[in-house]
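Results of the structural survey
What follows is the residue order along each chain.
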Amino acid sequence: MSLTAADGMLSMQAHKAEIQSRVLALVATILQQNSITVEVRPETRLADVGLTSMDMVNLMLGVEAEFDLTIPQCEITPENFCSINALERMLIHQFALESAVET
């Protein structure tokens, strides 16, 4: 059985959905610890829902632990941690880099 371009797209969409789900769960845990109840969407600015700079550090550490990776210093920027979508893009980029190194 061979993979088609459509199969590859479905696989990539499933991978993105899994990343997004795991990052949303990390953010939800931090918000819960801070007794903040708010709906967070992938495009929501995390600072706008109450995450502080210390929460962002905890999120960074949580992402590293959850995905078993070390985020390069150059990727630890406010832009990469401003929303779930931004984190997802950064993680997909990191996984692509790791994959390129392995081949």
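Look up: the structure comes first, before these words.
None of the values given here were measured: they were computed from a predicted structure. (Residues numbered from 1 in each chain as written. Predicted model: local features only at pLDDT ≥ 70, side-chain atom pairs only at ≥ 80, totals over all residues. Heavy atoms only, no water.)

**With respect to the overall build of the protein**
Of the regular secondary structure elements, the protein holds 3 helices and 0 strands. Taking all 103 residues of the protein together, the buried fraction comes to 33%. Surface accessibility of the protein: about 6,700 Å² in total, with carbon and sulfur atoms responsible for 57%. (Helix = DSSP H or I, 4+ residues; strand = E, 2+ residues; numbered from the N terminus. Buried < 20%, exposed > 50% of the residue type's maximum accessible area, 1.4 Å probe, protein only. Areas by Shrake-Rupley, 256 points an atom, 1.4 Å probe, with all protein chains shown as cover.)

**Examining the pattern of salt bridges**
Taken as a whole, this structure holds 5 salt bridges when the rule is applied. When salt bridges that share partners are traced, they join Glu18, Arg22 and Glu66 into one network. (Salt bridge = Lys/Arg side-chain N within 4 Å of Asp/Glu carboxyl O.)

**Overview of the nonpolar core**
One finds Leu46, Leu59 and Leu91 to be the most contacted residues of the largest nonpolar core, which totals 24 residues. Every element with two or more residues in this core is listed here: helix H1 (5–33), helix H2 (53–67) and helix H3 (84–102). With near-sequence residues (within four places) excluded, Leu46 lies in contact with Val27, Val40, Leu51, Met56, Leu59, Phe81, Cys82, Ser83, Ile84 and Leu87. (Core = buried A, V, L, I, M, F, W, Y, C linked by side-chain atoms within 4.5 Å. Contact = heavy atoms within 4.5 Å.)

**A closer look at a nonpolar patch on the surface**
The grouping of Met54, Val57 and Leu61 at the surface amounts to a nonpolar patch, some 280 Å² of accessible area in total. Within the element layout of this structure, Met54 appears in helix H2. Under the relative-accessibility criterion, Met54 is labelled exposed at 54%. (Patch = residues over 30% accessible without salt bridge, like charges linked within 9 Å, V, L, I, M, F, W, Y side chains within 5 Å.)

**Brief notes about the packing of aromatic side chains**
Overall, the coordinates contain 1 aromatic pair when judged by the stated rule. Arranged with centres 5.9 Å apart and planes meeting at 55°, the rings of Phe67 and Phe95 form a pair that is tilted. Placement of Phe67 in helix H2 and of Phe95 in helix H3 is noted, with a sequence separation of 28 residues between them. Of the two residues examined, Phe67 and Phe95, each falls in the buried class. (Phe/Tyr/Trp six-rings, centres within 6.5 Å; stacked < 30°, edge-to-face > 60°.)

**Remarks on H2**
Between its terminal C-alpha atoms H2 stretches 21 Å, which fits the 21 Å expected from 15 residues at 1.5 Å a residue. Taken residue by residue, H2 has Asp55, Met56, Leu59, Met60, Gly62, Val63, Glu64 and Phe67 as its buried positions. Note on H2: the residue one or two positions beyond its end, Asp68, has a positive phi of about 50°. (Expected span 1.5 Å × (residues − 1).)

**Examining unusual backbone geometry**
Positive phi is not limited to glycine here, since Ser35 has a value of about 55°. Mapped onto the elements, Ser35 comes out in the loop between H1 and H2. Taking the relative accessible area as the measure of exposure, Ser35 reaches 66% and is therefore exposed. The phi angle at Asp68 is positive, at roughly 50°, despite the residue not being glycine. Structurally, Asp68 can be placed in the loop between H2 and H3.

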